[in-house]
Amino acid sequence: MKIHPISALLLSGMGLFLTGCRQDMQDQPKYKPQRPSEFFADGRSGRPELEGTIARGELNEDVAFHEGKDEKGNDIDSFPVAVDKAFILRGQQRYDIYCAPCHGRIGNGLGMIVRRGFKQPPSYHIDRLRNAPVGHYYDVITNGYGAMLNYAQQVQPRDRWAIIAYIRTLQYSQNANVSELTADARKNLPDPGKPLSAEQKAAQKSEPLVPGDSDFYNFPADPATPSGVPGASGAGAHKSNQPERK
Amino acid sequence: MPQIFKASANSFAKTSVVLAVLILGGGLGAVYELSADSTYATRQGDAREQPIPFSHTHHVGSMGIECRYCHTTVENSQHASVPPTKTCMNCHSQIWINSSTLEPVRESYRTNQSIKWTKVNDLPDFVYFNHSIHVKKGVGCETCHGRVDKMPLMYQQATLEMRWCVDCHRNPEQYVRPRQFITKMGYEPEIDAHATQEELGPKLVKEYNIQKLETCWTCHR
Amino acid sequence: MSVHTDGEITLYGLMAEFETPGQLVAAARRTREAGFKNYDAYTPYPIHELDAAMDLHDNRVSLFTLIGGLLGCAGGFGLATWVSAVAWPLNVGGRPLISVPMFIPVTFECTILLGGLTAAIGMLLLNGLPMPYHPVFNVERFVNASRSKFFICIESTDPKFDRTLTANFLESLGAEEVAEVAE
Amino acid sequence: MTTTEHSYKTAPQLSETLKRYSSIATFIGLVFLALLVSGIFLEGGGLTGAGMGHFLRAYLVGFWLWFGAGAGCLVILMTQYLTGGAWGLVIRRPLEAGAKTLYVTCFLFLPLLVFREQIYWWTTPAGLADKVIHAKSLYLNVPFLWVRWAIYSIFLCFYTMKLTAWSKQEDETRSTAVSAKLEALSAPGVLIFFILMTFCSVDYLMTLEPYWYSTVYGFMIVIGWVLTALAVVIATLTMLEKYAPMDHALTRKHYHDLGKLLFAMVMMWTYLNFSQLIITWSGNLPSEIVWYIKRWNGGWEAIALLLLFGHFVLPFAMLISQPAKKSSKFIFFVACYIIAVHAVDVYQLVEPNFTNVKDPHFYFSWLDVVAPLGFGGLWLAIYFRNLPGMPLLPLGAPDLVKALNHGRDH
Amino acid sequence: MQPVELPDKIHVGPVIDPGHSLASVSDKVAGIVLKRKITLGWVFGLLISFAILQNLMAGATWLLIKGVGVWGINIPIGWGFAIINFVWWIGIGHAGTLISAILLLLNQSWRNAINRFAEAMTLFAVMCAGMFPVLHTGRPWLAYWLLPIPNTMGMWPQFRSPLLWDVFAVSTYLTISAVFWFVGLIPDLATLRDSAKSPVSRAIYGMLAMGWRNSARHWQRYEKASLLLAGLATPLVVSVHTVVSFDFAVSIIPGWHTTIFPPYFVAGAIYSGFAMVLTLMIPVRRFYGLDDIITLRHLNNMAKVTLATALIVGYGYTMEAFFGYFSADTYERFMIWNRMTGPYAIFYWCLILCNIITPQFLWSKKIRTSPGILWIISIIVNIGMWLERFVIVVTSLHRDFLPSSWGYYAPTVWDWAVYTGTIGLFMTLIFLFVRVLPMITIFELRMLLPSASVKEPVAQ
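Residues numbered from 1 in each chain as written. Chains lettered and ligands numbered in written order. Predicted model: local features only at pLDDT ≥ 70, side-chain atom pairs only at ≥ 80, totals over all residues. Heavy atoms only, no water.

On to the pattern of salt bridges, then. Across all of its chains, the model carries 41 salt bridges over all chains by this definition. Note that Arg252(D) is salt-bridged to Glu241(D), the shortest N-O span being 3.5 Å. Of this pair, Arg252(D) sits in helix H13 (residues 252-283) while Glu241(D) is found in the loop between helix H11 (217-240) and helix H12 (246-249), placing the two residues eleven residues apart along the sequence. According to the relative accessible area criterion, Glu241(D) is partly exposed, its value standing at 21%. Among the charged side chains, a salt-bridge network with shared partners connects Arg94(A), Glu66(B), Arg68(B) and Glu75(B). (Salt bridge = Lys/Arg side-chain N within 4 Å of Asp/Glu carboxyl O. Helix = DSSP H or I, 4+ residues; strand = E, 2+ residues; numbered from the N terminus. Buried < 20%, exposed > 50% of the residue type's maximum accessible area, 1.4 Å probe, protein only.)

Facing the 74 residues of chain C at the interface are 58 residues of chain E. Summed over both sides, the interface between chain C and chain E buries roughly 5800 Å², with carbon and sulfur atoms accounting for 68% of that surface. When the buried surface of chain C facing chain E is broken down by residue, Trp88(C), Glu109(C) and Arg147(C) rank first, second and third, together holding 11% of it. Our count for the contact surface shared by chain C and chain E stands at three salt bridges. Our count for the contact surface shared by chain C and chain E stands at 27 residue pairs in polar contact (both at pLDDT 80 or more). If you list the elements that add at least two residues to the side of chain C that touches chain E, you get helix H1 (21-33), strand S2 (39-42), helix H2 (48-53), helix H3 (60-87) and helix H4 (100-126) of chain C. For the side of chain C that touches chain E, the element with the highest residue contribution is H4(C), accounting for 17 residues. (Contact = heavy atoms within 4.5 Å. Buried area = accessible area lost by both parts, 1.4 Å probe. Polar contact = N/O pair within 3.5 Å; in protein donor to acceptor, adjacent residues only side chain to side chain.)

Okay, the pairing of strand S4 (residues 177-182) of chain C next. Residue and element names in this part refer to chain C. Across the six residues that make up S4, a large majority, five, are buried. Bridge count between strand S1 (residues 11-18) and S4: six bridges; the pairing is antiparallel. Across the sheet, the residue bridging to Met15 is Ala179, located in S4. (Pairing = 2+ DSSP bridges.)

Once that is clear, we can look at a nonpolar patch on the surface. Residue and element names in this part refer to chain C. A cluster of nonpolar side chains, Leu63, Phe64, Leu66, Ile67, Leu70, Leu71 and Leu114, forms an exposed patch at the surface whose accessible area comes to about 640 Å². Take the nonpolar patch: its biggest share by element is six residues, from H3. The topology assignment puts Phe64 in helix H3. Residue Phe64 is classed as partly exposed on the basis of its relative accessible area, which comes to 30%. (Patch = residues over 30% accessible without salt bridge, like charges linked within 9 Å, V, L, I, M, F, W, Y side chains within 5 Å. Areas by Shrake-Rupley, 256 points an atom, 1.4 Å probe, with all protein chains shown as cover.)

Turning our attention to the arrangement of the chains. There are seven pairs of chains in contact here; the most contacts are made by chains C and E. One thing to see here is that chain A and chain D don't touch, and their nearest C-alpha atoms sit 32 Å from each other. Structurally, chain B and chain D remain out of contact, their C-alpha atoms never closer than 21 Å.

Our next topic: the interface of chain B and chain E. In this complex, chain B contributes 13 residues to the contact, which on the side of chain E involves twelve residues. On inspection of chain B and its partner chain E, the count reaches zero salt bridges. The tally of links from chain B across to chain E stands at five residue pairs in polar contact (both at pLDDT 80 or more). Residue assignment for the side of chain B that touches chain E shows that the elements contributing at least two residues are helix H1 (8-37) and helix H9 (162-170) of chain B. With four residues, the top contributor of residues to the side of chain B that touches chain E is H9(B). For the side of chain B that touches chain E, the per-class residue count stands at eight nonpolar, one polar and four charged. (Nonpolar A, V, L, I, M, F, W, Y, C, P; charged D, E, K, R; others polar.)

To continue, consider the side chain of Thr279(E). Residue and element names in this part refer to chain E. Considering the arrangement of structural elements, one finds Thr279 in helix H8 (residues 261-287). Residue classification places Thr279 among the buried residues on the basis of a relative accessible area of 12%. In terms of polar contacts, Thr279 uses its side chain to reach the side chain of Ser378, at 2.9 Å. Aside from chain neighbours lying at most four places away, what touches Thr279 is Trp375, Ser378, Ile379 and Asn382.

On to empty space enclosed by the protein, then. Counting across every chain of the model gives nine cavities of 30 Å³ or more. Reported here for the largest cavity is a volume of approximately 170 Å³. What lines the largest cavity is a set of 17 residues, and nearest its centre among them are Tyr213(D), Thr215(D), His257(E), Thr258(E) and Glu332(E). Where the lining of the largest cavity is concerned, the elements lending two or more residues are helix H9 (296-326) and helix H10 (330-341) of chain E. Top contributing element to the lining of the largest cavity by residue count: H10(E), with four residues. The class makeup of the residues in the lining of the largest cavity is five nonpolar, eight polar and four charged. (1 Å grid on protein atoms, 1.4 Å probe; cavity = no way out; pocket = protein on both sides within 12 Å on 5 of 7 lines; lining within 4 Å. Points joined across faces, edges and corners; volume = space filled by probe spheres on them.)

Structure representation (structure tokens):
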């Protein structure tokens with residue numbers, strides 16, 4: 001009996017076994033978010049909304065809330081939502097994420113990006129902007145202004161209002177009188193001539209960057225947004241220019 | 001002569017038995033290490049090539065851009081989402097507009113064709129994973145993704161082995177942090193929250209109502 | 001074949017060949033009674049009478065097996081308990097984590113596995129196997145030890161060993177042939 | 001030396017001894033049976049009260065243990081005809097003597113049949129009207145129960161009669177034709193025995209808990225019988241070994257073989273009990289698990305543990321050693337012990353059925369001790385009377401010589 | 001206590017033909033391996049077996065490429081051919097261990113001529129059996145998940161599952177059988193080493209014999225180890241099929257969940273195992289002229305064991321049917337009724353015919369001692385035992401508790417390919433085995449010879 005043909009046969013048989021080592025459960029033929037597609041011409045599995053489609057929960061009938069305009073198309077000058085401390089703190093958090101890179105933490109227009117060469121935006125603390133109606137801010141966030149592109153996809157309507165509320169707070173804080181502060185707050189003010197005391201340092205540190213959790217995450221559902229879920233409308237929006245992974 | 005083997009065969013035979021056991025055992029161990037548990041198999045720490053050499057070190061570390069500036073859906077959705085080209089253009093419409101490195105970004109913006117990023121933290125498809133619940137329960141970005149602010153090119157920090165997932169699911173108190181520090185890089189409980197993890201962990205587990213979800217169908221649904 | 005010796009080769013011992021098992025048993029008994037310690041009998045099949053004749057009573061294989069079996073038993077049950085109650089406590093249909101009846105099969109199999117392996121390995125170790133080379137194979141007729149003939153070999157390391165006297169002694173036992181075994 | 005047939009004769013003093021044993025056993029048996037019957041009245045309530053209930057349950061314990069010993073003797077006898085082997089020839093006469101007790105024990109079930117409604121709930125009008133019992137009415141009906149009792153009894157008595165008669169014939173004629181007949185009768189006999197006795201165990205024991213069922217039950221019960229019977233005959237052998245012809249017929253090897261068989265039966269009993277336990281326990285079905293709930297709660301767990309250690313671990317440890325199996329004193333002790341611990345097994349087969357599954361309570365009556373002793377005395381009285389009726393070795397058995405040389409060649 | 005000297009009656013014949021001597025039995029058995037020319041029949045047989053083995057190759061390859069969907073299994077019959085064949089093969093394996101271990105403990109001398117062959121059969125059958133659960137996982141390269149070793153999942157196997165007991169039972173069984181077999185082979189390998197002429201065979205057998213030199217001191221430990229291994233293998237072999245039966249019985253499927261399964265499976269395993277030994281031994285005995293070593297007495301005894309186990313299996317069927325009724329449980333009653341009259345009734349009745357009716361012929365001694373008829377009966381029994389597993393698996397599953405989940409099972413061509421392929425593997429291994437290793441334990445045969453008994457000279 002010849003050995004070679006048989007061992008060759010065995011080896012080729014074994015070789016076939018290797019085809020079994022595949023990962024078909026790891027990589028299932030299904031679409032997960034941002035997965036590429038070979039079926040659609042643009043290579044995306046997530047499909048952009050068709051022109052004129054209104055998804056569930058995206059029928060934005062409340063013009064004041066969604067566009068910041070009144071019936072005549074003029075910028076409104078009152079918040080279409082209830083503003084409280086939690087709302088402002090939420091605005092602060094969102095502001096620090098999305099606006100501070102250019103506008104700076106205190107709204108002076110000297111953010112990190114500006115320092116790297118982006119066109120400097122105006123400070124919020126000029127009269128023109130102090131007097132601008134809130135609808136104007138809403139319009140800028142939603143549609144962009146000058147060098148600033150819109151943030152409609154990144155910031156959802158309710159958050160935009162929160163940011164605006166916070167901008168108002170910033171504007172007020174930069175213009176406030178020391179006499180208006182409470183005694184406690186006044187204690188923590190730095191003396192321009194002296195370095196911070198230990199208590200002042202500790203007080204600054206213990207002040208959280210963002211407010212307490214319940215305020216931060218679980219703010220009440222917005223009666224104006226039919227879905228009641230903040231950000232629900234964003235899913236479709238950001239798909240319009242969706243990046244793909246290989 | 002009936003003697004078949006030389007006298008040296010005795011020591012040879014005994015050594016070979018011992019060696020066979022060692023080699024077989026060691027070989028199996030090595031195969032196991034390589035096939036399942038090595039960084040070769042898990043691709044842990046393996047910086048991937050990307051169409052554009054996007055640096056988290058630069059954007060997060062030096063610029064201080066918050067994670068959620070780009071990964072906008074992480075709080076509300078299963079998926080953290082890779083940002084659309086538009087998000088890049090928020091700044092790069094003005095900065096580095098002549099850089100050839102960024103030409104693919106501009107091209108994508110012009111042509112409305114997606115940039116084909118390479119997924120780095122790629123879970124198998126039989127795993128259900130939801131970012132939002134983890135973020136809400138106080139699992140920091142850093143806990144799974146590592147010091148992204150020190151990654152010039154993104155790589156996978158964790159093994160992403162099931163053992164790794166299960167370790168946290170069994171002992172969440174060892175890993176969770178207060179929600180306000182979710183995106184903080186280099187979070188240290190003693191400095192940031194003025195408490196050791198041993199004190200803080202159980203408290204947070206209780207406060208956030210974190211369950212030790214260990215059933216199969218938690219992740220395999 | 002007798003090794004034609006002129007004193008040059010080192011002697012392992014002297015080997016006597018017998019025709020029947022009866023002769024061998026008698027010879028083995030007399031060898032022991034003559035005070036030899038380092039000797040061995042070689043037979044084509046186990047002869048139980050030799051145990052008495054040669055005073056063989058090595059029970060270490062049983063001891064090894066017992067230890068192996070007990071280790072397997074404890075190991076099996078310990079593994080099942082540790083895995084089910086400590087490493088991966090999982091509620092299955094409300095049954096207790098340490099479900100003793102359900103652990104018995106595995107405990108049992110581990111007992112058998114380790115017991116059986118120690119029995120076989122213990123036997124080989126105690127017999128010094130594998131040992132492909134051994135001086136007794138130097139004797140040409142020794143091939144028959146695995147076929148039909150019976151042998152006794154008295155080793156030169158025995159204190160009572162003397163080349164001539166021992167050869168005479170072996171012949172007196174009724175050996176068909178006495179051969180010298182080269183080292 | 002060639003042994004002549006003379007040396008097979010039963011020594012006269014042996015017959016005397018056995019007669020004495022028989023009288024002692026009769027005495028013990030009658031005393032305890034009297035005590036047992038008195039229990040009806042001592043416990044109160046007359047023929048329909050609690051005392052009668054306790055009496056019947058204890059009666060069943062005692063009856064079942066010794067009925068089983070006789071039936072076990074019969075099945076070992078038949079198996080021995082089929083397999084041959086030296087171990088069997090030296091115990092053939094004790095087995096036959098044991099099997100002959102069936103002539104009496106078969107009928108001892110009659111009191112239970114008569115007073116069935118106080119022990120077998122399903123035979124009461126309420127039981128028969130029950131939905132589940134009604135669904136089984138093709139099998140579970142009183143007339144058919146009487147018929148089945150008759151079938152079991154006829155089968156057992158017929159086989160005992162035929163086997164002992166032919167064995168005697170074989171002894172007298174030395175004809176191999178008779179030996180062949182014995183073999184031919186035994187072969188189907190074992191099969192029929194297993195099937196019928198399975199039904200018997202269903203009827204006499206399992207239906208105490210009429211909803212419950214387990215397919216391995218009959219097998220388990222029969223193995224228990226074989227164990228008891230084997231223990232009885234081994235204990236007998238150690239008593240007989242001092243007398244002719246056993247004094248020169250028995251060797252250590254016989255004890256070794258019988259000890260191994262006893263060991264095997266202990267293992268078999270454990271194996272079957274464990275199988276039933278693990279399957280029932282893991283299935284955890286309401287209709288099945290009741291049996292174990294009753295036996296693992298309210299104090300019954302002590303009996304379960306006692307059986308685990310007493311009926312398995314201890315006999316296992318005692319019988320694993322070869323010298324132990326060969327020592328007649330020791331094996332006598334082990335055999336007696338096994339009968340005693342098997343009585344506990346029978347007790348736990350019977351009594352827990354009468355406890356409430358929702359709130360099981362341990363129940364033990366002095367009658368449960370009296371009954372096995374009473375029946376045992378009676379059984380042994382018949383047994384020892386039967387034993388000297390024939391030569392203690394089956395002279396006509398074809399393999400006798402080989403059997404007697406067994407263990408001498410090494 | 002002198003021996004009684006009366007003539008002894010021998011029933012059917014001796015365990016070894018008179019006229020053999022120590023040298024002649026050694027030469028005869030060793031000669032089959034060393035001297036016998038390779039015959040055309042052997043080559044032909046090997047080639048056919050090897051060709052059938054290719055079914056397994058093809059079937060397994062296609063399975064690995066496509067997944068277990070190529071098999072006929074689907075809900076509700078998730079266990080099909082794979083488990084049927086697994087149980088069938090494992091059962092066949094049992095006879096080998098039974099013959100070598102239990103009969104060794106019982107001092108039954110007739111085992112000696114057949115134990116080696118039966119043990120080899122055990123090994124090969126367990127190899128075939130082990131393949132099925134591994135293939136059934138669909139991803140055999142992950143089969144190590146079954147073992148309790150630290151893994152990347154941080155999970156451990158479930159010790160309360162009978163499927164894990166199977167892993168332990170089958171792997172222990174394979175290991176201990178292999179060890180037992182090899183330990184038994186060592187002295188015979190030494191015989192082959194000493195009888196071989198070609199230096200290559202001498203070196204190979206020499207290495208395998210590990211320098212065994214038939215020393216009395218070695219024999220003493222060797223005998224002890226053999227006895228211990230036999231003592232351990234006996235409960236092992238019972239445990240293996242018990243655990244296999246638990247695979248079914250600890251579930252709550254009607255037709256599976258029944259307490260008689262353990263003893264009844266063990267009996268069934270021994271039954272099919274003895275049938276397979278007969279199926280193989282009868283031709284081998286004929287082609288290699290071993291009538292004088294594997295005598296009619298062996299066949300007679302094996303046939304008796306076959307009959308006895310057939311009756312136990314029959315007892316099991318009876319109990320299942322009776323308790324099906326006696327349970328008064330809707331599902332149990334439907335199951336047993338459906339088994340007898342449902343869509344698979346034909347298989348049930350075929351199984352009764354093969355397993356219960358056919359072996360009744362073995363009551364006749366004439367049939368027990370005619371190799372030809374015995375061989376046919378043994379094949380029928382093998383088929384019957386396969387059908388038994390088919391009936392247990394398929395009829396219990398195909399009628400789910402919910403009628404909307406009822407289904408029907410039919411094996412696909414790939415089921416058959418893998419099944420027949422394992423038969424090819426088994427046959428190939430058997431063909432190779434009879435050529436390269438002594439198929440009969442030579443040293444134990446020597447012990448059976450009259451000249452082997454010790455009669456010391458008077459002048460001691």
